[in-house]
Amino acid sequence: NMATSAARFAEDECGPVRSLTRDFRTKRKQRKATLDVQANQLVTRLEKLLFRGPAPTNSAARREFEQSIVPWHDDKLVPLCPSCARKFGFRRRKHHCRLCGGVMCNDCTLALNVQASVALTVPNQVVGATSRRSRSRKELARERMRDLIVSEEDAIRICTHCTWMLQSLRKSQRVAEEVRTETAPVMNLYEEFKKCKTQVQKQLPLYNEHVSLLMTSGDISLYDEGIRRKQELATLYKRINDLGKTAKSLLGGKEAEYPSSAKVHGSLDIACYEFVRLHTVATMPLPSEAEIVEIQRMRREEEQLRREQKRQEEERRQAQLEARRKRQQAQAEQEQRMRDLQEESASSSFLDRIWADKRKTTQQVEPEPEPIAPPVAPLAPEAMAMLDHEEEMLLSYLEKAKLEGKDDEVQMIASQIEQLKLFRAQSTAQPR
């Protein structure tokens, strides 16, 4: 019975098991690629028939053009229809497919209208484009209708195999268009993440600049604006965190069934987390009101200290200028006195006046002095006072010149002092 057979089958040991899924997928992929190439060739031939060549009114030229696109099979070598296996005859005529060149009967061919043909020639790349100027397939097909060689009432005869190929292509185009039109939930989350990211990158530098201004100036009126900006950033950070968590929970625990989707969702979650972490670190902390008051006090103290330092610096500068002016004035006076002394020494006017006074006081002509010690009449008290005053002046000049390190002036003044001393010694010496 059936139960005994089932039990016996269950007891039998199974032999080696091999999974053919990978081989099946490989062969299916190869066949899909082959069919895609053939379908693209059919579309290329269809486009040439629609938009190139002579008009259908010239039947001979049109027939020659169609045979140049794809070679026609010799109808004499085809006694039966390849599709239905019926014999050709007077009632069953032979027809050539305009896309593959095969020979078919009338029942196994299809008249493809022009509008459907033009829709098949619209490329997939423009369907579902994300740009603002994207247009639908119908609009593009309507525009291509203007360039037709054939009329809209004409039809293109094709075989059942080509019909099946074009239907498969049209189905794949429809599916691709639906896929492009329909947006996955994770894509919506990613678009919102990009918007929040742009807002954070725009507001964060403004917030940091505002906090820096608040801490520099200590203006309490800027505190409310800083709180508002900080709340906006906190809202954006929370929204980005929520987007990452939502993306991670979209699959609902089915990550093992959809590993690729799970990887995409996990990448979005990690991107949201890393963005919030990095920008939170870059966000400057907002000071409290007490800290702002303390900043104001410190700024006032710094301002007072800066003013005091500026005042002291100004006083120091004025004192330096005054000392410099006095030094320049004393130096100018000394130089003037030195020039006067040099002029008097050069002209010997002072010694001449002293000799004149001495001659006036002499009552008689002195005898001619000896070469060694000539007799000199004593000077008058007024002349001696003048000599003393002049010697004191020369001594003071000599001390200043020594202090300033002017060796030339020291030698000149010392020689003048020696001359005065010699003159005084000669004047005060007793006559023989």
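Just so it is clear, the model here is predicted, and its values are computed rather than measured.

Conventions and cut-offs
- Positions within a chain are numbered from 1, following the residues in the order the chain's sequence is written.
- A pLDDT threshold of at least 70 governs which residues receive local features in this predicted model, and a stricter bar of 80 or more applies before side-chain atom pairs are shown or counted, although totals over entire chains, interfaces and linings include all residues.
- Heavy atoms throughout the structure, all of them, feed into the side-chain values; hydrogens and water do not.
- Secondary structure follows DSSP: runs of H or I at least 4 residues long count as helices, runs of E at least 2 residues long count as strands, and numbering of each begins at the N terminus.
- Relative accessibility thresholds used throughout: buried, under 20% of the residue-type maximum; exposed, over 50%; partly exposed, between the two (1.4 Å probe, protein chains only).
- Every accessible area reported is derived by Shrake-Rupley at a probe size of 1.4 Å, with residue values counting cover from the shown protein chains alone.
- Predictor confidence is given residue by residue as pLDDT, running from a minimum of 0 to a maximum of 100.
- Residue contacts follow a heavy-atom distance rule, with two residues in contact if any of their heavy atoms lie within 4.5 Å.
- A 1.4 Å probe that fits into a set of points on a 1 Å grid over the protein atoms alone but cannot get out defines a cavity; an open set with protein on both sides within 12 Å along at least five of seven lines defines a pocket, and lining residues are those with an atom within 4 Å of a point.
- Grid points are joined across faces, edges and corners, and a volume is the space filled by probe spheres set on the points.
- Take the buried residues of types Ala, Val, Leu, Ile, Met, Phe, Trp, Tyr and Cys, join any two whose side-chain atoms come within 4.5 Å, and each joined set is a nonpolar core.

(A) Focus on the overall build of the protein chain. From N to C terminus, the protein chain includes 13 helices and 4 strands. Residues counted as buried form 26% of the 432 residues belonging to the protein chain. Summed over its atoms, the accessible surface of the protein chain is roughly 31,100 Å², and 53% of this surface lies on carbon and sulfur atoms.

(B) Local environment of the confidence of the model for the protein chain. For the protein chain, per-residue confidence averages 77 on the pLDDT scale, and 75% of positions sit at 70 or higher. Below pLDDT 50 for its whole length, residues 125-134 participates in 7 contacts with residues either more than four positions away or in separate chains.

(C) Quick peek at the layout of surface pockets. Approximately 490 Å³ is the volume attributed to the largest pocket. Lining the largest pocket are 18 residues, and of these Arg62, Arg63, Glu66, Trp72 and Arg98 lie nearest its centre. Elements supplying a minimum of two residues to the lining of the largest pocket: helix H3 (59-69), strand E1 (95-96) and strand E4 (155-159). Top contributing element to the lining of the largest pocket by residue count: H3, with 4 residues.

(D) The arrangement of the nonpolar core in detail. The biggest cluster of nonpolar side chains holds 30 residues, and the ones touching the most others in it are Leu46, Leu50, Leu99, Leu112, Ile158, Cys162 and Leu166. Elements that contribute at least two residues to this core include exactly helix H2 (21-51), H3, strand E2 (103-104), helix H4 (114-120), E4 and helix H6 (160-181). Per-element tally for this core: the top contributor is H2, with 7 residues. The residues touching Leu46, leaving out its near neighbours within four places in the chain, are Leu99, Leu112, Ser117, Leu120, Thr121 and Ile156. Core analysis: the second largest hydrophobic core is formed by 23 residues, Cys196, Tyr223, Leu233 and Tyr237 among them.

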